[in-house]
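Given next are the chains, with one letter for each unit.
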Amino acid sequence: MAHTYARFAGVVRTIHIYLTMFAFLLMMFFAVTGVVLNHEDWIAGQTVTRDTTALLPVALLAGPSGPDKLMVVEKLRSDFGAIGAVSTFDVEDASLHIELKGPGRHTEADIDRNSGKLTLKVERRGLLMRLDDLHRGKDTGVPWRWMLDLSAILLFFGSLSGILIWWALPRRRQWGVAALVGGTVIVAAVYWLVP
């Protein structure tokens, strides 16, 4: 019985070590960006905005089946520095409204389909604001959302394996219980005190 318990503890310890080493960079990223997220006043004023007006070829905006959406977006990217993934492409009879978004980036374009007149606004936020958006998964796309899910799974199993390792140390178990209860009480108290 003792041999089986020791073997189980050894397996859990190995899992914990490699799991947390694998997730180390993600845990550090979410720790740092969590502080930034909690202090958004630190990152105020980091936004750089550029407004542009220009003319686009009318042929690009007309056509029997409507505007060539891909070509319009690529023109905005290559000629005018539009950044981000397309989140909105509204086609009206006389105008187009296009938005491209990414972490810390936002581009908004309004185009008159009859004259080709383009009004473009490109917003670039600072590095901390971009990290803030990544922490929240804002405008990040599917691959980053998978990374967020993976991070949550790794943190859960890293914590669970840590508790199992602690439980395997009978001489320290009493202090571990005290720390676990104390942490739980503090979190619960702060939760109830927040309006």
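Right, let's walk through the structure included here. Note that the structure is predicted; figures quoted are calculated from it, not measured.

1. Observations regarding the nonpolar core
Point 1. Within the largest apolar cluster, 19 residues are counted, with the highest numbers of intra-cluster contacts made by Val72, Leu76, Phe80, Ile98, Ile111, Leu118 and Leu120.
Point 2. Residues within four places of Leu120 in sequence aside, it is in contact with Arg50, Asp51, Thr52, Leu76, Phe80, Thr107, Glu108 and Ala109.
Point 3. Of all hydrophobic cores here, the second largest spans eight residues; its members include Leu19, Leu26, Leu134 and Leu148.

2. What about the pairing of strand β4 (residues 105–112)?
Point 1. Here eight bridges tie strand β3 (residues 95–102) to β4, and the two strands are oriented antiparallel to one another. Directly across from Glu99, in β4, lies its bridge partner Glu108.
Point 2. In terms of strand pairing, β4 meets strand β5 (residues 117–124) through seven bridges, oriented antiparallel. Bridge pairing in β5 places Thr107 opposite Val122.
Point 3. Between β4 and β5, which pair antiparallel in sequence order, lie four residues; one of them, Gly116, sits at a positive phi of approximately 85°.

3. Observations regarding the packing of aromatic side chains
Point 1. Scanning the entire structure with this criterion turns up four aromatic pairs.
Point 2. Taking 5.0 Å as the distance between ring centres and 80° as the angle between the ring planes, the aromatic pair formed by Phe29 and Phe30 counts as edge-to-face.
Point 3. Note on Phe30: relative accessible area 16%, which makes it buried.
Point 4. The interplanar angle of 85° and the centroid separation of 5.1 Å between the aromatic rings of Phe156 and Phe157 together place this pair among those described as edge-to-face.
Point 5. When its relative accessible area of 43% is taken as the criterion, Phe157 is described as partly exposed.
Point 6. Through pairs of rings, three or more aromatic residues link up here, namely Phe29, Phe30 and Trp144.

So, how was this worked out
Residues numbered from 1 in each chain as written. Predicted model: local features only at pLDDT ≥ 70, side-chain atom pairs only at ≥ 80, totals over all residues. Heavy atoms only, no water. Core = buried A, V, L, I, M, F, W, Y, C linked by side-chain atoms within 4.5 Å. Buried < 20%, exposed > 50% of the residue type's maximum accessible area, 1.4 Å probe, protein only. Contact = heavy atoms within 4.5 Å. Pairing = 2+ DSSP bridges. Helix = DSSP H or I, 4+ residues; strand = E, 2+ residues; numbered from the N terminus. Phe/Tyr/Trp six-rings, centres within 6.5 Å; stacked < 30°, edge-to-face > 60°.

Geometric descriptors of this kind do not, in isolation, establish any biological role.
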